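# Structural overview
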Amino acid sequence: MSKTPAKGKQTNTLFSYFQKTPKSETKNTGKSGTDEVLSPRRSPNDRSKTPSAGKKTSPSIKATEANEFSEGDLVWAKLEGFPFWPSLVCNHPTDKVHCKGGKTKQVHVQFFDSPPSRAWIKERYVKPFKGSNDESFQKGGQFYTLNTQVNKGVKEADEALKIDKKDRLSLVVDLLPSSDEEEEENEEENMDLDPTIFDTEMSDEDISKENHSSKAEDSKETSPRKRKSMSPQKPRRKAAKEAVLKNKRRRIMVKSESGDEDSEDDFKPVSSEDDDDDDSASELDENEISDVEPESEPESPVKEPRKRKAPGRGTPASNKKSIAVLDSGKKPAFSPSVSNNTKTKLSLFSAPENAGDDSGQKDASSYFHVSLDFLQPDKLRDNTRKLKSDPDYNPRTLYVPESFLNKQTPAMRQWWEIKTKHFDTVLFFKVGKFYELYHMDAVVGVREVGLIFMKGDFAHSGFPEIAYNRYADALVQKGYKVGRVEQTETPEMVTERCKNMARSANKYDKVVKREVCQISTQGTRTYSHLDGDIGDHTSKYILAFCAKVGQFEDDRHLSRFRTLVAHYTPTQILYERGKTSPNTMQLINANLLSALKEGLTPGSEFWESSKTLKTLAEEAYFKSEDGEITWPEAIKLMLSESDTLGLTASDAYDLAVRSLGAIVWYLQYCLLDEELLSMKKFETYMPVDVSEHRAQGAQSGAQAIKQRHMVLDGVTMSNLDVVWNSTTQSTEGTLLERLSYCSTAFGKRLFHQWLCSPLCQKQAIYDRLDAVGDLLEAPSVMEESVTILKKMPDLERLLSRIHAIGSSGRRKNHPDTRAILYEEVTYSKRKIEDFLATIEGFKLAMTLTAACSGAATNFKSKLLKQTVCVQGAEPDNADARFPDIDDDLKFFESSFDHKKAKKEGVIVPSKGVDKDYDQAIADIKDVEGRLQTYLDKQKSVLNCKNLVYWGTAKNRYQIEVPETALKNIPHQYELMSSKKGAKRFRTSDIEEMLAELTDAEDRKDTCLKDIMRRIFHNFDLKHRKWTAVVECLSVLDVLISLATYSRGGEGDLCRPEFVMPEEGAQPFLEIREGRHPCVSRTFEGGDFIPNDTIIGTKDDQDEDGDSSYSEGQVVLVTGPNMGGKSTLMRQVGLITIMAQMGCYVPAQKCRLTPIDRIFTRLGASDRIMAGESTFYVELSETSSILQHATKHSLVLMDELGRGTATYDGTAIACAVVKELSKTVGCRSLFSTHYHSLVGEFQLDRNVRLGHMACMVENENEEDPSQETITFLYKFVKGACPKSYGFNAARLAHLPEEVIQSAVKKSREFEQSVYSCKMFRNLWCSSSAQEIQKAF
Ligand SMILES: Nc1ncnc2c1ncn2[C@@H]1O[C@H](COP(=O)(O)OP(=O)(O)OP(=O)(O)O)[C@@H](O)[C@H]1O
Ligand SMILES: [Mg+2]
């Protein structure tokens, strides 16, 4: 009896127990075996194509009690809780009657369902079936239904109606009643096994099958489990069973070896046999999970699904009975619990609202672990016994008392031991083919991802291996760490190990070894074959940082750090525990709320730079196969020149290397280090605002912009909603959402990067714009490319998967290489599918270049040309970047039979692909040939033509000699075996050749086992080429995306024009008829009004022609509330980002000198979490602007100073405008409601006045609230004297009384200001004449 069920078979699923009418089209007439998982449980004894069921049942047609129905009748039968279902009257398989009397007459029917099922139905619920055309089935009729399953059944019944009544019996599927308990007991007797195995491992594994029970199913029937008696303590167990059954608990406590059998504290493995009724939730399979849709849960009349035995698992004896059994006939076929069944099943997929209900489940808070002393919050210690209050407490670990561990069963002990090292991780603990979650992890599983608790005293839940991805992903997304713990031994290996032990094995030795194979967190989520589909295309960053004054210069507000996290928003952050400044911690806590933050112990976890480099050198990450280290370029640059061994970091990079050390440690901890680091993808991050440029800018007065990219800092990114809308916490309404039309996942990632760092150099920008133009001129190329790109898989991530598998050879010590995976074949298939998808993807890429090649000659853009032209294809295009991968593809395409590999999950290399394999095959052929020649020779020696080789495996190649030829047997013939009329011999020659053959076959097998890795490895060796292709594809995708936007649709778009400062231009910006790229509708639902924005240059459309006036670098924007000031400022910011990214912009004209950085101070926001008040945030941002802005920057300041008292605010605003216009001299838009500011700068030549126009009707000095303001949303010259706040108040539906009271107050204020003014004038007047004038 094997402990592990047959690999690869998915037949043993919950489907086998929880019947659900499958959605498949399969006809359920019983004509075919259909899907084993879901369907007809025809007797395995009856596997013939033509159902013999009819034959079996027909002889048993006998006279029944006088009854309205007879065998073969087609009827409508209604089972409680289900609609009338088309059915066929037939004999009960064992009772051999179709009708039984008693108080209530019952008719035995087979439902036309898929799979077919049967039941006894009360006669009054059985009605004749007259075909679908009968009015009873028409709308309004008794049997009319929209249920698709019923309708399907009706179609089948219609077909049956056409045939002779007797012949219909051939439709009866042979279903046996559930095995009776008698038989079960017998089987138990027969199958008692070595108790030791099951007390430890076996029963441990069976927990899943036993306890993965969904909520109580109230069936009174018992159905034999796949596995039978496994414990020696049957009598006690039987008693226990009865007791347990009474409580509807199916777990049986097996006496633990400690003797402490009833202790609640013990994890008690359960024997499977006892748990007849509890079919495991673990036995769900992937398909089922995804298939179940509560709404579509078909109302199948199949009521006792659990009574079915899933084929392909369990004992041979039970396999014999692994037949669908619907009703025994002795008991009510369908207990009311069946609908509970469905409910239970549904509950598997929903939040467990009733986790503590009456079905035997407990409230999460009453589970065993909750009472454990060492888990009490105030007593928690880490594994070095430090209390939580200790600053060095390590929350990743847990102290578990030895005395407690000693009380655990071996497997539970393993779990707790792993938990001591991974306290903060939800452990998916492999037991057979299931991942199990225990105690606190089970609670998380139930609460967060809808698993359900098993019955029992300790919290426990689980799911089948194949669903790993689903649950791991869900938990990781919710911020949990998930640890995958695999069995790394088979029971056979355990036995072998125990046998070889010097001492006698104890119970802890007899448990299979389990090891943590992977820890997944938000930042370390890789996309391996276990993780299934790659859905999410966004990049996931993990950031480690450490700080010391001097190396990563930053201002007091950590602007650079903010920018770093805005551009590469980390999902996980590693910091030095106890060494990180409160300022930085605050910033992280406030800005990166959702990121997982983990403190590492300085030194042992957050390594010193020397330890980091030593580890990197010693481990195999950068070593080639001959052991030579090749440092990745980026790391090489960080090494100290004075240290030739390369084990010291240069001073400038010491901290960077330390941070890298933290990452390496963490990757090791997650068991991902080799997989990721060996890809050697390292890049140095430079703060976007390289320090030199400020010096060159404003201060030195130099005109040149040297930097390559525009700086978009964290504040600006969030203020302008560039990639993330922090208000809605989504990408809704962001520039990214508006502009990205990328078709591929890698294109989307590149687009994100391009958007975060627009260009500054005219040439580069123009090249992109040219590309957009080229593409717009070749719409058919664009269309074709998009069609091809849309079909591309995520090649970038597939390449890393292939790398991970290909490099697994070096990961010999990785526990995953030892893991016993139940779904190995599925994963093999997935790996092969991925590989094939990759090859397909690259083939598509080649077709893409072909599609573009014609048009490419006309392309103006160098970038576009480089991207689509294949290297070497045209000698004159030396810059072509697209590598020629044709030959490589052909090689890998023909390296094995793809179809076969996909189907079987095994790669058999074609000739020439793998030398060792080819050699082994050649050797096999050669030996086989020689063996044949040898036989022919023997035929002449013995003078007998009838010699043949006989035997298989070890016994093969025995020469079978008929009796007649025995007299000629040479003496070297050695007798091996005999049969009547013949004897079989071997000779030393044969033995020798056989040894050769076996050796060659072994070599072949070894090759085959490793062939996938080798092929993947060979593929990975060319990663430079593949990566280059992906880069080209990404660029093309992004350019096409820009072109798609630029093609327009909603209003004019124009190609921006740039003038470089070197060309003698002062920084300026001229946008004509510009629109906000993300707003197309207005507050009232009207069209968006385009606006001109001219800064730093003469407005040649200004009729007044006051040139000096219009050249001001600072524009003071006034206007009514709700007039569109903020919108205008954001619009200007976004348009310039788009322009410098190389995109057409929503305007009629857009000319500018490149902007080196956009600064924004928009809207009121406070960071209470970061200990910063509204006004503080305002001033911090302003301060950062004044410090960092250069002449080439763009500053957008919205209502600075409104966060404080009017006078203070006005004063600060005034001072800042002065600073901007006089000292910094950068392009600025400054909006304000402080009208006194306007007066201040009215005559300032550096400051230009503009306002959002509005129309005032019913102007009323007395009561301004009666005025009607019509917003014109037109940005025009000059100042607006008033803000018309009452109008906004009315629009916002402020109560009329409040408005009136405000109007009154406003008049009072005005009056007092007026009086003050008068008084001052009066006071200052010296003559009567002046006094008179003052009034
Ligand atoms: N150019 C425009 N065309 C049409 N509608 C616009 C335009 N600009 C703004 N709006 C509409 O006006 C609304 C208010 O705009 P905005 O927030 O920019 O006003 P504001 O002047 O900044 O007001 P406040 O002074 O109260 O801050 C926007 O939500 C938008 O619906
Ligand atoms: Mg505003």
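Presented here is an overview of the structure given in this document. (Residues numbered from 1 in each chain as written. Chains lettered and ligands numbered in written order. Predicted model: local features only at pLDDT ≥ 70, side-chain atom pairs only at ≥ 80, totals over all residues. Heavy atoms only, no water.)

## Some points on the packing of helix 27 (residues 824-856) against helix 29 (residues 886-893)
Running from N to C, helix 27 and helix 29 cross one another at 150 degrees; their axes reach a closest spacing of 11 Å. Judged on the interaxial angle alone, helix 29 and helix 27 are roughly antiparallel. When you trace helix 27 past helix 29, the crossing you get is left-handed. Packed against helix 27, whose contacting residues are Phe 835, Ile 839, Phe 842, Lys 843 and Met 846, the element helix 29 presents Asp 886, Leu 889, Phe 892 and Glu 893 at the interface. (Axes fitted to C-alpha atoms, helices over the stretch in contact; angles between N-to-C directions. Helix = DSSP H or I, 4+ residues; strand = E, 2+ residues; numbered from the N terminus. Parallel < 35°, antiparallel > 145°, perpendicular 65-115°, else oblique. Left-handed = near helix turned anticlockwise from the far one by under 90°. Contact = heavy atoms within 4.5 Å.)

## Here we look at the sheet that holds strand 14 (residues 596-600)
The strand order 12-13-14 describes an open sheet built from 3 strands, whose pairing is parallel. Of all the strands in the sheet, just strand 12 (541-545) and strand 14 have a single pairing partner and so form its edges. The sheet shows a mean angle of 20 degrees between the axes of neighbouring strands, taken without regard to direction. Direction of pairing for strand 13 (residues 570-576) relative to strand 14: parallel, over a ladder of 5 bridges. The residue bridging Ile 573 from the neighbouring strand is Lys 597, located in strand 14. (Pairing = 2+ DSSP bridges.)

## Some words on the packing of helix 16 (residues 609-618) against helix 18 (residues 654-669)
Running from N to C, helix 16 and helix 18 point in directions that differ by 55 degrees, and their axes come no closer than 8 Å. Comparing the axis directions of helix 16 and helix 18 gives the class oblique. Here helix 16 and helix 18 pass one another in a crossing that is left-handed. Along the contact surface, helix 16 presents Ser 609, Thr 612, Leu 613, Thr 615 and Leu 616, while helix 18 presents Asp 654, Val 657, Arg 658, Leu 660, Gly 661, Val 664 and Gln 668. Residues of the contact of helix 16 with helix 18, tallied by class, amount to 5 nonpolar, 5 polar and 2 charged. (Nonpolar A, V, L, I, M, F, W, Y, C, P; charged D, E, K, R; others polar.)

## Here we look at the pattern of salt bridges
Applying the stated criterion across every chain, the model contains 54 salt bridges. The salt bridge partner of Lys 430 is Glu 465, with a shortest N-O separation of 2.6 Å. Here Lys 430 is found in strand 7 (residues 425-431), whereas its partner Glu 465 is found in the loop between strand 9 (460-464) and helix 12 (468-477), with 35 residues between them in sequence. Here Lys 430 and Glu 465 have matching classes, each one buried. (Salt bridge = Lys/Arg side-chain N within 4 Å of Asp/Glu carboxyl O. Buried < 20%, exposed > 50% of the residue type's maximum accessible area, 1.4 Å probe, protein only.)

## Brief notes about helix 24 (residues 762-777)
For helix 24, with 16 residues, the first-to-last C-alpha span of 22 Å sits near the 22 Å given by 1.5 Å per residue. Residues of helix 24 that are buried: Ile 765, Asp 767, Arg 768, Leu 769, Asp 770, Ala 771, Val 772, Gly 773, Asp 774 and Leu 775. Where helix 24 is buried, its residues contact helix 23 (745-756), helix 25 (779-790), helix 28 (862-868), helix 33 (1023-1046), strand 20 (1057-1058) and helix 35 (1125-1141). (Expected span 1.5 Å × (residues − 1).)

## Details of the side chain of His 108
Inspection of the secondary structure assignment puts His 108 in strand 4 (residues 106-111). With a relative accessible area of 0%, His 108 lands in the buried category. There is a polar contact of 3.5 Å between the side chain of His 108 and the backbone oxygen of Ala 119. (Polar contact = N/O pair within 3.5 Å; in protein donor to acceptor, adjacent residues only side chain to side chain.)

## Describing the packing of aromatic side chains
Within a pair of aromatic rings, the relevant descriptors are the distance that separates the centres and the angle that separates the planes. Taken as a whole and judged by the stated rule, the model has 40 aromatic pairs. Between Phe 84 and Phe 143, the aromatic rings sit 5.1 Å apart at their centres with planes inclined by 75 degrees, giving edge-to-face as the arrangement. Of this pair, Phe 84 sits in strand 2 (residues 84-89) while Phe 143 sits in the loop between strand 6 (126-128) and helix 2 (148-162); the two residues are 59 residues apart in sequence, bridging distant segments of the chain. There is no split in this pair, since Phe 84 and Phe 143 are both buried. Ring pairing ties together the aromatic residues Phe 368, Phe 374, Phe 404, Trp 415, Trp 416, Phe 429, Tyr 438 and Phe 458, which thus form one cluster. The ring of Tyr 508 has Arg 413 lying over it, and the distance from NZ or CZ to the ring centre is 5.1 Å. Taking the ring centre of Trp 754 as reference, the NZ or CZ of Arg 768 above it sits at 3.5 Å. (Phe/Tyr/Trp six-rings, centres within 6.5 Å; stacked < 30°, edge-to-face > 60°. Lys NZ or Arg CZ within 6 Å of the ring centre and 35° of its normal.)

## A word on the environment of Phe 69
The topology assignment puts Phe 69 in the loop between helix 1 (53-57) and strand 1 (74-78). Sequence separation between Phe 69 and Cys 99 is 30 residues; the distance between their C-alpha atoms is 8.2 Å. With sequence-adjacent residues up to four places away left out, Phe 69 is seen in contact with Val 75, Val 89, His 98, Val 107, Glu 123, Val 126, Lys 127 and Pro 128.

## Focus: the sheet that holds strand 17 (residues 958-962)
The sheet built from 4 strands is open, its strands ordered 16-17-19-18 with antiparallel pairing. Looking along the sheet, the strands with just one partner apiece sit at the ends: strand 16 (948-950) and strand 18 (974-979). Direction aside, the axes of adjacent strands within the sheet are offset by 40 degrees on average. Relative to strand 19 (residues 982-986), strand 17 runs antiparallel, the two sharing 4 bridges. Looking at the pairing, Glu 960 lines up with Arg 984 of strand 19. Strand contacts of helix 31 (residues 915-942): strand 16 and strand 17, with the helix running at about 120 degrees to strand 16, the strand carrying the most contacts. Against the sheet, helix 32 (residues 988-1021) makes contact with strand 16, strand 17 and strand 19, and its axis sits at roughly 65 degrees relative to strand 19, the strand it touches most.

Bear in mind that shape data such as this cannot, by itself, settle questions of function.
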